[in-house]
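Given next are the chains, with one letter for each unit.
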Amino acid sequence: MKKTTKYLLGLGALVIGATVLVSADHIDAPSSAGTTADIADFYAFEPSEGSDNIVFVVDLQSNVLPELAYGTFDEDVLTEINIDLDGDLVEDQVIQAIARDGRMYFFGPIAPSQTGLSSEVNTDAALGDVEISGATAIVETTSDGVSLFAGPRQDPFFFDFFQFNAVISPETDSAPSGFLPPEEAADTFDGANTLSIVVEIPNSMLGVPTATNALGLSVYKTWVTTNRKQ
């Protein structure tokens, strides 16, 4: 399977020993909006201070309501977590996830056979698989200490969409007070879900980063892409 189109790039640097890095963007181009090629959020963080693991969370297809059976992962869409070790913003390692028959299959971390806009599923580098969850979360932990999850999670994105539209409206009196304080704002996405892919993995499996940030700390630079079968 080849992937030829990267619908969205979310980029952030993960500092070893630091907290959460987040890239968020909801509702993308018509060709991907409302599908599991549509990336809503990407998180990378240590599960606890001083941990030797990293957690990657990819949220796809926002506005999946419970009564719609949470949505489904498109089996023609490959999700890829890209990891840059040397700071050149080219992926040195990838973790891939693709759905088949009610399960999510993971591959990597592995050096990609090609970088950029095209690649292949690295079926020789199986990482593990997990049943795609419904209302009850199912987590699989491999013998290598990798934990895997795929399924619906409540959308973490808090956004008062209607007040936002009022603020940007050309009608100058539509929102005279501007944005509302949190206690008065409405969470437009309350009750909606995303379809999430979660990988917790030991740092040792990702490789040693040589890139440093402005503080001189070693960092992974990581981003996520979705790609549709050609």
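Procedures and definitions
Each chain carries its own residue numbering, running from 1 in the direction its sequence is written. Totals for whole chains, interfaces and linings use all residues, but because this is a predicted model, local features are given only for residues with pLDDT of at least 70 and pairs of side-chain atoms are given and counted only at 80 or more. To get the side-chain values, take all heavy atoms of the structure and skip hydrogens and water. We call a set of buried residues a nonpolar core when its members are Ala, Val, Leu, Ile, Met, Phe, Trp, Tyr or Cys and they connect through side-chain atoms within 4.5 Å of each other. Throughout this description, buried means an accessible area under 20% of the type-specific maximum (1.4 Å probe, protein chains only), exposed means over 50%, and partly exposed covers the range between. Should any heavy atoms of two residues lie within 4.5 Å, those residues are considered in contact. In DSSP terms, a helix is any run of H or I states spanning at least four residues, a strand is any run of E spanning at least two, and both are numbered starting from the N terminus. DSSP bridges decide pairing: two strands pair if at least two such bridges lie between them. On a scale of 0 to 100, pLDDT captures the predictor's confidence in every residue.

Enquirer: Break down the nonpolar core for me, citing the residues and quoting the values.
Expert: Residues Phe56, Met104 and Phe106 are the most contacted members of the largest nonpolar core, which totals 28 residues. In this structure, Phe56 is in contact with Phe42, Tyr43, Ala44, Ile81, Ile83, Ile95, Ile197, Val198, Val199, Ile201, Leu206 and Thr222, ignoring residues within four places of it in sequence.

Enquirer: Can you tell me about the pairing of strand β12 (residues 147–154), naming the residues and giving the values?
Expert: Within β12, six of the eight residues are buried, which leaves it mostly tucked inside the rest of the structure. By the bridge criterion, two bridges tie strand β11 (residues 140–141) to β12 in an arrangement that is antiparallel. Paired with Glu140 across the two strands is Leu148, which belongs to β12. What sits between the antiparallel neighbours β11 and β12 is a turn of five residues, in which Gly145 has the positive phi angle 85°.

Enquirer: If you had to explain the confidence of the model for the chain to someone new, which residues and values would you point to?
Expert: Caution applies to low-pLDDT regions: their predicted coordinates should not be interpreted in detail. This prediction gives the chain a mean pLDDT of 80; 80% of its residues lie at or above 70. Within the model, the stretch residues 1–24 combines pLDDT values under 50 with 97 contacts to residues more than four positions away or in other chains.

Enquirer: Tell me about the environment of Ser174, and name the residues and values.
Expert: If you trace the backbone, Ser174 turns up in the loop between α1 (161–168) and β13 (193–202). Classification of Ser174 as partly exposed rests on a relative accessible area of 33%. Taking the C-alpha atoms as reference points, Ser174 and Gln163, eleven residues apart in sequence, are found 9.1 Å from one another. In this structure, Ser174 is in contact with Ala166 and Ser169, ignoring residues within four places of it in sequence.

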